[in-house]
Amino acid sequence: PLPWTAHEWLSEVVIAIVHKALGIQGIVFLFALLLATTYWLLFRGIRSFRRNILVDLLILVLVILSSRIHWHARPHVFSLLLIVVLYHVLILHQENRGNYLYAIPPMMLFWVNLHGGFIVGFLFMGIFLSDYFLGFLASKGEERLVLAHKGKQLSLVCAVSVLAACVNPFGVHAFLFPFRIVSETYLMNHVQEFLSPNFHEVVPYRYLLLFLIGMLGLSRARLNLAELMLVLLFTSMSLYSVRYIPLCAIVYAPMLSKYGGILIQQYEGRGSRLLQERSARYEKIDAS
């Protein structure tokens with residue numbers, strides 16, 4: 001039998017406090033607020049790059065429709081929120097738009113006690129670190145120095161985050177529990193949320209995936225290494241288990257915004273100009 005680890009103890013404390021104060025309605029409100037905050041932050045994150053707002057709105061709708069299969073009053077919702085924040089911090093660092101890496105270790109301190117999804121945070125950091133390292137090996141001159149500096153910064157933050165994540169009632173065993181769960185064949189084959197998505201049913205995620213494939217196929221731009229690794233990893237996870245679809249949708253969102261904007265700009269037809277004009281109008285409304 002799999003020894004149980006109370007890896008969500010802090011979430012349970014928060015839920016218990018809210019339930020005691022406000023009852024079941026308070027629980028509903030808490031998780032509705034967390035979900036709304038998650039997707040609002042995701043939208044504001046992709047909008048911070050000031051790309052086509054109509055494309056960004058379409059992406060948000062598809063992400064929300066794809067993610068609602070896992071909208072439950074459960075601790076994994078805390079992980080969705082924290083993944084959005086961490087992902088955006090890593091993108092800003094990669095794109096030279098601000099260094100907020102210092103926020104990751106304290107975030108990890110809470111995350112490890114809220115939900116086992118903190119492991120995904122380390123997957124993200126590992127992928128971006130790999131991108132810096134391989135880019136360093138392939139580059140020369142000033143670019144090589146920049147990548148070396150970024151890699152050192154993220155390596156230090158990752159090491160401090162590991163130490164922060166060890167501050168939990170179970171120490172290093174908290175790192176092992178998520179892997180023990182996914183290695184349990186019986187759970188993977190019999191618990192519904194661990195099964196692969198059934199595409200014979202209405203699965204909005206398939207349109208998000210097809211949208212990404214089509215956009216990348218038509219765009220002249222290509223994924224960078226970190227984006228490619230993220231797409232391959234989380235697409236594989238989402239096809240293996242339906243519970244990873246909300247994570248995969250979050251991963252896709254910034255890429256769809258980025259390459260969707262590039263795709264519209266590279267075509268000079270009437271439809272493209274009309275879309276850009278309409279987008280400019282809505283952007284003024286959004287900024288007001």
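A.B. asks: Describe the overall build of the chain, with residues and values.
C.D. replies: Tallying secondary structure elements over the chain gives 12 helices and zero strands in all. Along the chain, helices and strands appear, N-terminal first, in the series α-α-α-α-α-α-α-α-α-α-α-α. Taken along its principal axes, the extent of the C-alpha atoms in the chain is 60 × 45 × 40 Å. Taken over 288 residues, the chain has a buried fraction of 48%. A sequence separation of at least 24 residues applies to 77% of the contacts in the chain between residues at least 6 apart. Carbon together with sulfur atoms contributes 68% to the accessible area of the chain, which is approximately 15100 Å² in total. One finds the centroid of the 23 positive side-chain charges in the chain at a distance of 5 Å from the centroid of its 15 negative side-chain charges.

A.B. asks: Could you give an account of empty space enclosed by the protein, naming the residues involved and the relevant values?
C.D. replies: For the coordinates displayed, the defined rule picks out three cavities of 30 Å³ or more. Put simply, the largest cavity is a space of about 120 Å³. Ile91, Glu95, Glu227, Pro254 and Lys258 are the residues nearest the centre of the largest cavity, which is lined by 13 residues in total. For the lining of the largest cavity, the secondary-structure elements that each account for two or more residues are helix H3 (76-94), helix H10 (225-240) and helix H11 (245-266). Here the second largest cavity is characterised by a volume of approximately 80 Å³. Leu41, Leu42, Gly45, Ile46, Val84, Tyr87, His88, Ile91 and Pro254 are the residues that line the second largest cavity.

A.B. asks: Mind laying out the packing of aromatic side chains, listing which residues take part and the relevant values?
C.D. replies: The tally for this structure, following the rule as stated, stands at nine aromatic pairs. Note on tyrosine 39 and tryptophan 71: the rings are 6.0 Å apart at their centroids and 45° apart in plane angle, and the pair reads as tilted. Here tyrosine 39, found in helix H1 (residues 9-47), pairs with tryptophan 71, found in the loop between helix H2 (53-67) and H3; they are 32 residues apart in sequence, far enough to count as distant. Residue tryptophan 71 is classed as partly exposed on the basis of its relative accessible area of 34%.

A.B. asks: Now, about unusual backbone geometry: what can you tell me, with residues and values included?
C.D. replies: Backbone geometry places arginine 50, a non-glycine residue, at a positive phi of 55°. Structurally, arginine 50 can be placed in the loop between H1 and H2. Looking at arginine 50, the relative accessible area reads 45%, which means it is partly exposed. At asparagine 96, a residue that is not glycine, the phi angle is positive and equals roughly 60°. Position of asparagine 96 relative to the elements: it lies in the loop between H3 and helix H4 (104-114).

A.B. asks: If you had to explain the layout of surface pockets to someone new, which residues and values would you point to?
C.D. replies: A probe matching the size of a water molecule, rolled over the atoms, marks out where space remains unfilled. Roughly 720 Å³ of internal volume is contained in the largest pocket. The wall of the largest pocket is formed by 30 residues, among which His115, Pro178, Val182, Arg243 and Tyr244 lie closest to the centre. The set of elements that each furnish at least two residues to the lining of the largest pocket consists of H3, helix H5 (118-138), helix H7 (173-182), H10 and H11. A total of five residues in the lining of the largest pocket trace back to one element, the largest contributor, which is H7. Of the residues belonging to the lining of the largest pocket, the class tally is 19 nonpolar, seven polar and four charged. Considering only enclosed or pocket space, the second largest pocket measures out at about 420 Å³ in volume. What lines the second largest pocket is a set of 19 residues, among which Ile69, Gln192, Pro197, Glu201 and Val242 lie closest to the centre.

A.B. asks: Kindly report on the side chain of glutamate 193, identifying the contributing residues and their values.
C.D. replies: Relative to the helices and strands, glutamate 193 resides in the loop between helix H8 (185-190) and helix H9 (205-218). In this structure the side chain of glutamate 193 is engaged in a polar contact, spanning 2.9 Å, whose partner is the side chain of arginine 74. In this structure the side chain of glutamate 193 is engaged in a polar contact, spanning 3.0 Å, whose partner is the side chain of arginine 243. Those residues in contact with glutamate 193 that lie beyond four places of it in its chain are His70, Arg74, Ser241, Val242 and Arg243.

A.B. asks: Go over the pattern of salt bridges with me, naming the residues and quoting the values.
C.D. replies: Counted by the stated rule, this structure contains five salt bridges. Its salt-bridge partner being glutamate 95, residue lysine 258 comes within 4.0 Å of it at the nearest N-O pair. With lysine 258 in helix H11 and glutamate 95 in the loop between H3 and H4, this residue pair connects regions lying 163 residues apart in the sequence. Note that glutamate 193 is salt-bridged to arginine 243, the shortest N-O span being 3.0 Å. Here arginine 243 lies in the loop between H10 and H11 and glutamate 193 lies in the loop between H8 and H9, a separation of 50 residues in the sequence.

A.B. asks: Break down a nonpolar patch on the surface for me, with residues and values.
C.D. replies: Together, Trp9, Val13 and Ile17 line one region of the surface with nonpolar side chains, adding up to about 260 Å² of accessible area. One can find valine 13 in helix H1.

A.B. asks: Which residues make up the nonpolar core, and what are the values?
C.D. replies: With 81 residues, the main nonpolar core has Phe118 and Phe124 as its most contacted residues. For phenylalanine 124, the residues in contact, after removing those within four places along its chain, are Ile83, Leu86, Tyr87, Leu90, Leu230, Phe234 and Val251.

Procedures and definitions
Residues numbered from 1 in each chain as written. Predicted model: local features only at pLDDT ≥ 70, side-chain atom pairs only at ≥ 80, totals over all residues. Heavy atoms only, no water. Helix = DSSP H or I, 4+ residues; strand = E, 2+ residues; numbered from the N terminus. Buried < 20%, exposed > 50% of the residue type's maximum accessible area, 1.4 Å probe, protein only. Contact = heavy atoms within 4.5 Å. Areas by Shrake-Rupley, 256 points an atom, 1.4 Å probe, with all protein chains shown as cover. Lys, Arg positive; Asp, Glu negative; His and termini not counted. Charge placed at Lys NZ, Arg CZ, Asp CG, Glu CD. 1 Å grid on protein atoms, 1.4 Å probe; cavity = no way out; pocket = protein on both sides within 12 Å on 5 of 7 lines; lining within 4 Å. Points joined across faces, edges and corners; volume = space filled by probe spheres on them. Phe/Tyr/Trp six-rings, centres within 6.5 Å; stacked < 30°, edge-to-face > 60°. Nonpolar A, V, L, I, M, F, W, Y, C, P; charged D, E, K, R; others polar. Polar contact = N/O pair within 3.5 Å; in protein donor to acceptor, adjacent residues only side chain to side chain. Salt bridge = Lys/Arg side-chain N within 4 Å of Asp/Glu carboxyl O. Patch = residues over 30% accessible without salt bridge, like charges linked within 9 Å, V, L, I, M, F, W, Y side chains within 5 Å. Core = buried A, V, L, I, M, F, W, Y, C linked by side-chain atoms within 4.5 Å.

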